[in-house]
Amino acid sequence: MKGFSHLSVKEQKKLSFIIISSKTHKKIQFSIPQWLVIVSSILVVALIIGTANFSYKLIITNHELTHVNQQLYQLAEENNIQADEIIYLRTKSSTIEEKLAGLNELQNQVLNMVGLESKPEEAKLISTLLVSRSDQRSAINRDDDYDYEMEMELLNELIEKQKDGMEQLIVDVEKQLKYIDSQPNRMPAAGRITSPYGYRISPINRKREFHSGIDIANKTNTDIYAAGSGVVTFAGYNGAYGRMVIISHGYGYTSVYAHNNKLLVRVGDNVSKGDVIAKMGSTGRSTGPHLHFEIRVNGQAVDPKTILEN
Ligand SMILES: [Zn+2]
């Protein structure tokens, strides 16, 4: 081991050092000029300041990097959220499209239920739009250029079309229900059909004659029903027909109820299908209590069997 000690200032411009070995007690003496010590000290201080400055800058940079990192992380997070939103919106819009297709199907079912043709052109238009939408969607599935506005615009267009379709459906169904209700297809009385429509031998004079309706026989005062909804255009006595009611149903249809005992309606009355309008009798040219029932289309008698429900 060697001892070290700062000895003394020998001269004004020099610093002397003496090193004594602890074992041999041998002395080594040397001098360093004072300027060298000063320069060395300045260098050391400069080095310390430089290092401190560098360290400070390093810390700042590091801090900034951390901040940038955080921002990047946030951006990534926001991107993830947006991606989720895109997926959500896509799912949502395809759900809406499915529902629209369902509505379209339902619309056709309703049309079929009331005996109307479904509208193939309209259905085709909507399904074409739906198919083109799903094609577009699969094309842009992995693409980030997902165009919300276009998607929403088309969806809106589809909804508008469907709404128009539904409104038309209501109009069509109302018309059809009115038409169905007005059809004189309800059996006008309970009883036995004693004479069908067509040529027959007259029960009165035994001659061949044309029977323009059907005869339904039952007891006197059996209820006579309106075969369809409409307006009473005749209610009174009419020769061979006896006490008679005529109902106009619109669409060119009228129905005739003859030989009644009593009439329960008057001209101008609105009647619904199934309303009791008269009581069965044998007035006019008749051999016993029965209803003579006719259906006329544009004034021409037709076979009621073709219109009456079973
Ligand atoms: Zn008859």
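Throughout this description, residue numbers start from 1 for each chain and increase along the sequence as written. Local features in a predicted model are, by the rule used here, given only for residues with pLDDT of at least 70; side-chain atom pairs are given and counted only at 80 or more, and totals for whole chains, interfaces and linings are based on all residues.

Visitor: Quick question: what am I supposed to make of the overall build of the protein here?
Guide: Working definition: helices are DSSP H or I runs of at least four residues, strands are E runs of at least two. Numbering for both runs from the N terminus. Counting its regular elements, the protein contains three helices and 16 strands. Residues with at least 20 other C-beta atoms within 10 Å of their own are called buried, those with 12 or fewer are called exposed, and the rest are partly exposed. The C-beta atoms themselves are positioned from the backbone. Here the protein holds 310 residues, and the buried ones make up 18% of them. Contacts in the protein between residues far apart in sequence, at least 24 positions, make up 60% of those at least 6 positions apart. Any two residues are considered in contact once their C-beta atoms, placed from the backbone, lie within 7 Å.

Visitor: Hey, could you run me through helix α1 (residues 34-113) in this one?
Guide: Because an α-helix completes one turn every 3.6 residues, residues spaced three or four positions apart along the sequence face the same direction. Take the residue count of a helix, subtract one, and multiply by 1.5 Å to get its expected span. If you check α1, its first and last C-alpha atoms are 117 Å apart, about what 80 residues at 1.5 Å a residue would give, namely 118 Å. Among the 80 residues of α1, four are classified as buried, and the element is accordingly described as predominantly exposed. Buried residues of α1: E97, L100, N104 and Q107, and no others. Backbone geometry just downstream of α1 places G115 in the positive-phi region, at approximately 80°.

Visitor: Is there a simple way to think about the sheet that holds strand β14 (residues 276-279) in this case?
Guide: Paired through their backbone hydrogen bonds, the strands of a sheet run either parallel or antiparallel. The three strands are arranged β8-β14-β12 in an open sheet whose pairing can be described as antiparallel. The two strands at the open ends of the sheet, each matched to only one other strand, are β8 (223-225) and β12 (262-263). We call two strands paired when DSSP finds no fewer than two bridges between them. For β12 and β14, the ladder comprises two bridges, and the chain directions are antiparallel. Looking at β14, one finds that K262 is bridged to K279.

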